[in-house]
Amino acid sequence: MTRDLTPATPPALEMRGITKRYPGVIANDHIDLDVRRGEIHALLGENGAGKTTLMNVLYGLARPDEGQILLDGKPVTIASPADAIARGITMVHQHFMLVPVLTVADNVILGAETMSNRVFVDRREANRRIAELAARFGFELDPEAKVASLSVGQQQRVEILKALYRDAQILVLDEPTAVLTPQETEEVFALLRRLADDGRSIIFISHKLYEVLEVADRITVIRRGRVIGERLPSATTEGELAELMVGRAVELTADRGVSHVAEPMLLVEKLRVTDDRRHEVVPEATFQIHAGEILGIAGVAGNGQDELVEAIIGLRKPGGGKVTLGGRDVTGFSPRRMNEAGTGYVPGDRHRFGLILQFPIYDNLVLTSYYRRPFARGILRNDRAIQSSAAEQVDKYDIRTPGVGAATATLSGGNQQKVIVAREFDRPLKLLVLDQPTRGLDVGSIEFIHRQIIAKRDAGTAVLLVSAELDEVMEMSDRIAVMYRGRIVAELDGRTASKSEVGLYMATGGHDSEAVAASAADEGKKA
Amino acid sequence: MSHLRSQRTAGEAIGSSLKLLAEPAAAFALALLVGGIGILLFSGLVPGHKPFDIGLPIDAYAALIGGVASFDGLTATLVYATPLVLAGLGVAVGFKAGLFNIGGRGQFLMGAVGAMAVATAIGAQAGAWVTIPLALLAGGLLGGVAGFVPGLLKATSGAHEVVTTIMLNYILVFVTYWAISGPLALPRAPQPITADTGNLHASLPILIGRDGNLGIFIALAAVPIMWFLLYRTTIGFEIRAAGANPDAARYGGMKTRQLIVMTMSLAGFMCGLAGAVTLLGVVHQMAPGYDTTIGFDAITVALLARSNPIGVCFAGLLLGAMRAGAQVMQIRAGVPAELVDALQAIILLFLVINVLRRFLARRSGRRPSLPVPALPGTVDATLDAEAAQ
């Protein structure tokens, strides 16, 4: 969508020649960015491209080494976030900064309280302003609801409301759709358009190409700390943007090819799982995956996917039910026994379960096999075998590092994930369990990891893919199971399922069956 | 494709070694500076000196160094360093596993009790060749038990080892008192006191000078053994992994609870060995009130060494040298020997500040919205990895 923009008026925000150096890297190298009034300006770039640094400079969290910031044509110095807020700039972080036990209204006014007489908060005035803003921009929020009881999408709206309450003229949204269902994403986009129509400027940070094309008025692409190009959505394509972002042509959709489904490999029957607080988060899960098949589990994060995966992989004792792998009962196996039975696992939280960041790469590559030959004889480690195997894997999986002895923390997120992939994929597998395998990664790494997954499937591995990125599930899966409140509420064919159909199951659990049917019909009409 | 570089240049190796030493060296230098200012401020109290006598701190430090720079001074350094190194290894191995062993005091005392018990029981009949190894082993094992208990409590109920080891210290001080005045007491002595190990074929042989006993070599041998255990065996890998990231260790198939118990027992064993060596090599006899500060000094040693076994050796020698020079300083310069305690405390203070700073930086590093240019904690790991090569 394009809107009539008048370039004659000075831009609401202009950043000129912003340069920020950190020891060893130039995070921002003379970046120019201008954002007009009433414009949704997308900032597109891979992780580590310098988007976050640029926004930290704008928000007063980092001081630029060179460059200038102009607001409405006037140069300003932004020394702190408080300074930024006072000048009408606010940031909506990916991780919300809300107090869960307080109400929506409390969270909105927190830190910007209107005092009736220096001592007491003027609640009446606050509520009046919140109600006015909500009505004007079409928020559907109960100001008296506790934030803890809200959905993720609603919490995000509270964050935006907070910004508006502070009379923000420039809103920065950092990956706002990462945690939302497709329907919630649509709602946020509609809201952003209403804000832009009201004359506010929005900087929309993302690495999802189609979203940027859909919502932005202008797109600036950043790579390695530099502005690579500026495009109008009407005059560009996803392919071109991806190429600008990565610096080479990228295959955007994994060519999953045809799966050659064989006998059932993993059988999960009536599996019951409780979480750390002993709440039953998975009351009953039953499904199967065949050899050479990818089963994708779609669902809004926090619907029991993590616990289900942990119960299968042995990190969590199941409360009941049965797991069979290749005809063998593996219920309640420890992680090591599961590993030895032929299971690979890419954890959702790679810094927690996947890696020991302080350790060198070669130690992380043997995290699950350090005790076996050839890496150990008795209790003696065989360093030569560990290091030479690491050197091979670093080459084979294209892990970019100065050496196998480098601490894993020094690698980029994509390369860290490749260390896990190398460790878990590089042997014959019966089952591969992937929990958010590409979360937070750059396009190049995603492409690489997707290809490895498909190669594993084609080699006859049963693959369980859990992802909050619906696109990833849609693109990769031969079959899609939707998880809602710990139950699998639908199983769909990966080739014919529509995004809105899956999205509705994700949002309602299929209770709103009419809506599901309607959306399916709708999708049919479009096709 | 060859982006691999397994060989580092000499320059890089030296650079990283310097980085490794920078923090402890800075802490030590700052401590000397603060100590010097302290001496300066109070120099009027030392007979024969005017207030704010610039010469006094210089004299004092010169005497401190002079006290070490002689054959006897060096021997004394080694003797003082022996228990510091052994117990320092015990604290360091705990740190590696993410455990903070403050129970060194109790474990040290149990080591002395264990060694004395063996000496009392068999020393008179068996010869030194049997008694000494058995006494050392018993000391280590009894110290190990004193580490095992808090380890077990942590593994089974999650009770924090800092709390349980401190509580256990008090209990073990009184257990020691009971042992000295009861089962280990010399019969028919006017007041409770144990026998002298010299009369029980249990004193460690003197190998260097007047008092350089076998314990020195036990400590020096323990350093490479501990290094080998930590960096060349699967057990060491498990200990370090569990300390660095318990969740990842669990996923890697390691039994983290067993590791806690094992590491605490090992830490107790080392501190117990320190106690046994000190008793058999230096003190020879225990009377009521027998106590030690080694358990706490060992924490300074381990922090100064950044938990690296080889670093422990040098840190132990450094603090040992300060102890050895302290008496000479008192005699020659008139500055109280207790200054060394103050210096050690200041070193510890600076080190803890740095540890805290790193810890906080690492925590804020997890927050994705703030830019953290480099993870300070990673330097340790890189050097760790390099040290292992």
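Residues numbered from 1 in each chain as written. Chains lettered and ligands numbered in written order. Predicted model: local features only at pLDDT ≥ 70, side-chain atom pairs only at ≥ 80, totals over all residues.

1. A short note on the overall build of chain A
When helices and strands are counted, chain A shows 18 helices and 22 strands. In terms of overall size, chain A behaves like a compact globule, its C-alpha atoms giving a radius of gyration of 25 Å where 527 residues would be expected to give roughly 24 Å. Expressed as lengths along the three principal axes of its C-alpha atoms, the size of chain A is roughly 70 × 55 × 55 Å. Counting over 527 residues, chain A shows a buried share of 47%. Here the contacts in chain A between residues at least 6 apart in sequence split such that 68% fall between residues at least 24 apart. (Helix = DSSP H or I, 4+ residues; strand = E, 2+ residues; numbered from the N terminus. Rg over C-alpha atoms; globule rule 2.2 N^0.38 Å. Buried ≥ 20, exposed ≤ 12 C-beta atoms within 10 Å, placed from the backbone. Contact = placed C-beta atoms within 7 Å.)

2. Focus: the overall build of chain B
Along the backbone of chain B there are 14 helices and two strands. Per-residue burial for chain B yields a buried fraction of 51% across its 389 residues.

3. Regarding the sheet that holds strand β4 (residues 66-71) of chain A
All names here are of chain A. Pairing is antiparallel across the open sheet formed by four strands, whose spatial order is β2-β1-β4-β5. The open sheet has two free edges, formed respectively by β2 (25-35) and β5 (74-76), since each of these has just one partner strand. Direction aside, the axes of adjacent strands within the sheet are offset by 30° on average. Sheet topology places β4 next to β5; three bridges connect them, and they run antiparallel. When the bridges of β5 are listed, Ile-69 appears paired with Val-76. (Pairing = 2+ DSSP bridges. Axes fitted to C-alpha atoms, helices over the stretch in contact; angles between N-to-C directions.)

4. Here we look at the packing of helix α3 (residues 71-96) of chain B against helix α7 (residues 215-232) of chain B
Each pair of packed helices can be summarised by the angle the axes make with each other and by the distance between the axes. All names here are of chain B. In the contact formed by α3 and α7, the axes pass within 8 Å of each other and the chain directions differ by 20°. By the angle class used here, α3 and α7 are roughly parallel. For the crossing formed where α3 meets α7, the hand is left-handed. Each of Leu-78, Val-79, Thr-82, Val-85, Leu-86, Leu-89, Val-93 and Lys-96 in α3 lies in contact with α7, whose residues at this interface are Gly-215, Ile-216, Ala-219, Ala-222, Val-223, Met-226 and Leu-230. Grouping the constituent residues of the contact of α3 with α7 by class yields 12 nonpolar, two polar and one charged. (Parallel < 35°, antiparallel > 145°, perpendicular 65-115°, else oblique. Left-handed = near helix turned anticlockwise from the far one by under 90°. Nonpolar A, V, L, I, M, F, W, Y, C, P; charged D, E, K, R; others polar.)

5. Notes on the domain arrangement of chain A
Residues and elements named next belong to chain A. In terms of domain boundaries, chain A breaks down into domain 1 (13-246) and domain 2 (264-342 + 428-526). On a C-alpha basis, the centres of domain 1 and domain 2 stand 33 Å from each other. Between domain 1 and domain 2, the residue contacts involve 10 residues of the former and 13 residues of the latter. Of all elements in the fold, only α6 (182-197) and α8 (238-246) reach the threshold of two or more residues within the side of domain 1 that touches domain 2. The leading source of residues in the side of domain 1 that touches domain 2 is α8, at three residues. For the side of domain 1 that touches domain 2, the residue count by class is five nonpolar, four polar and one charged. (Domains from an automatic or database assignment.)

6. Quick word on the sheet that holds strand β9 (residues 218-223) of chain A
Residues and elements named next belong to chain A. The six strands are arranged β6-β7-β8-β3-β9-β10 in an open sheet whose pairing can be described as mixed. Strands at the two margins of the open sheet, each flanked by one partner only, are β6 (89-92) and β10 (226-231). Averaged over all pairs of adjacent strands, the angle between strand axes in this sheet comes to 20°, irrespective of strand direction. The pairing of strand β7 (residues 170-174) with strand β8 (residues 201-206) spans five bridges and is classified as parallel. Paired with Asp-174 across the two strands is Ile-205, which belongs to β8. Docked against the sheet, α6 engages β3 (40-44), β7 and β8, running at close to 150° with respect to β8.

7. Brief notes about the nonpolar core
Counting 262 residues, the largest nonpolar core has Leu-58 and Val-482 of chain A together with Ala-115 of chain B as the members making the most contacts within it. The biggest single contributor to this core is helix α10 (residues 256-283) of chain B, with 16 residues. Here this core spans two domains, since at least three of its residues come from each of domain 1 (13-246) and domain 2 (264-342 + 428-526) of chain A. Excluding residues that lie within four positions of it along the chain, Val-482 of chain A makes contacts with Ala-298, Gly-299, Ile-488, Val-489, Ala-490, Val-502, Tyr-505 and Met-506 of chain A. (Core = buried A, V, L, I, M, F, W, Y, C linked by C-beta atoms within 7 Å.)

8. As for the packing of α7 of chain B against helix α12 (residues 309-333) of chain B
Residues and elements named next belong to chain B. It is at 8 Å that the axes of α7 and α12 come closest, and there the two elements cross at 155°. Overall, the two elements α7 and α12 adopt an arrangement that is roughly antiparallel. Where α7 abuts α12, its residues Val-223, Met-226, Trp-227 and Leu-230 lie against Pro-309, Ile-310, Val-312 and Cys-313. Among the residues making up the contact of α7 with α12, the classes are represented as eight nonpolar, no polar and no charged.

9. Brief notes about helix α17 (residues 499-508) of chain A
All names here are of chain A. Buried residues dominate α17, accounting for seven of its 10 residues. Of the positions making up α17, those classed as buried are Glu-501, Val-502, Gly-503, Leu-504, Tyr-505, Met-506 and Ala-507. Backbone geometry just downstream of α17 places Gly-509 in the positive-phi region, at approximately 75°.

10. Let's talk about unusual backbone geometry
Residue and element names in this part refer to chain A. The step from Arg-373 to Pro-374 runs through a cis peptide bond, and the omega angle for that step is 0°. Tracing the chain through its elements places Pro-374 in the loop between α12 (361-365) and β17 (376-377). Within the chain, Lys-270 stands out as a residue other than glycine whose phi angle is a positive 45°. Relative to the elements of secondary structure, Lys-270 occurs in strand β11 (residues 264-274). A residue is classified by how many C-beta atoms lie within 10 Å of it, and Lys-270, with 12 of them, is exposed. One non-glycine residue, Gln-436, lies in positive phi territory at about 50°. Mapping Gln-436 onto the fold places it in the loop between β19 (431-435) and α15 (443-458). Given 23 C-beta atoms within 10 Å, Gln-436 falls into the buried group.

11. Quick word on helix α5 (residues 128-157) of chain B
With 30 residues, α5 of chain B should reach 44 Å at 1.5 Å per residue; the first-to-last C-alpha distance of 43 Å fits that figure. Following α5 of chain B by one or two positions, Gly-158 of chain B adopts a phi angle in the positive range, close to 80°. (Expected span 1.5 Å × (residues − 1).)

12. Some words on the environment of Ala-92 of chain B
If you trace the backbone, Ala-92 of chain B turns up in helix α3. In sequence terms Ala-92 of chain B and Ile-122 of chain B are 30 residues apart; their C-alpha atoms lie 33 Å from each other.

13. Here's the deal with the confidence of the model for chain B
Residue and element names in this part refer to chain B. This prediction gives chain B a mean pLDDT of 86; 88% of its residues lie at or above 70. Counting interchain partners and residues more than four positions distant, the pLDDT-below-50 stretch residues 1-8 has 12 contacts. Below a pLDDT of 50 lies the segment residues 365-389, which in the model reaches 44 contacts outside its immediate sequence neighbourhood of four places, other chains included. On the interface metric, ipTM, the complex scores 0.81, and its pTM is 0.76. (pLDDT = per-residue confidence, 0-100.)

14. Details of the environment of Arg-278 of chain A
Its location among the elements puts Arg-278 of chain A in the loop between β11 and β12 (280-290). For Arg-278 of chain A and Gly-319 of chain A, which are 41 residues apart along the polypeptide, the C-alpha to C-alpha distance reads 9.9 Å.

15. What to know about the environment of Ile-312 of chain A
All names here are of chain A. Within the secondary structure, Ile-312 is located in helix α9 (residues 305-313). Taking the C-alpha atoms as reference points, Ile-312 and Leu-266, separated by 46 residues in sequence, lie 9.9 Å from one another. Aside from chain neighbours lying at most four places away, what touches Ile-312 is Val-268, Val-323 and Val-433.

16. Observations regarding the pairing of strand β13 (residues 294-298) of chain A
All names here are of chain A. Of all the five residues making up β13, five are buried; the element is thus mostly covered by neighbouring parts of the structure. The two faces of β13 match: Ile-294, Gly-296 and Ala-298 on one face and Leu-295 and Ile-297 on the other face are all buried. Where β13 and strand β20 (residues 462-466) come together, four bridges link them in parallel fashion. Its bridge partner lying in β20, Ile-297 is registered against Val-466.

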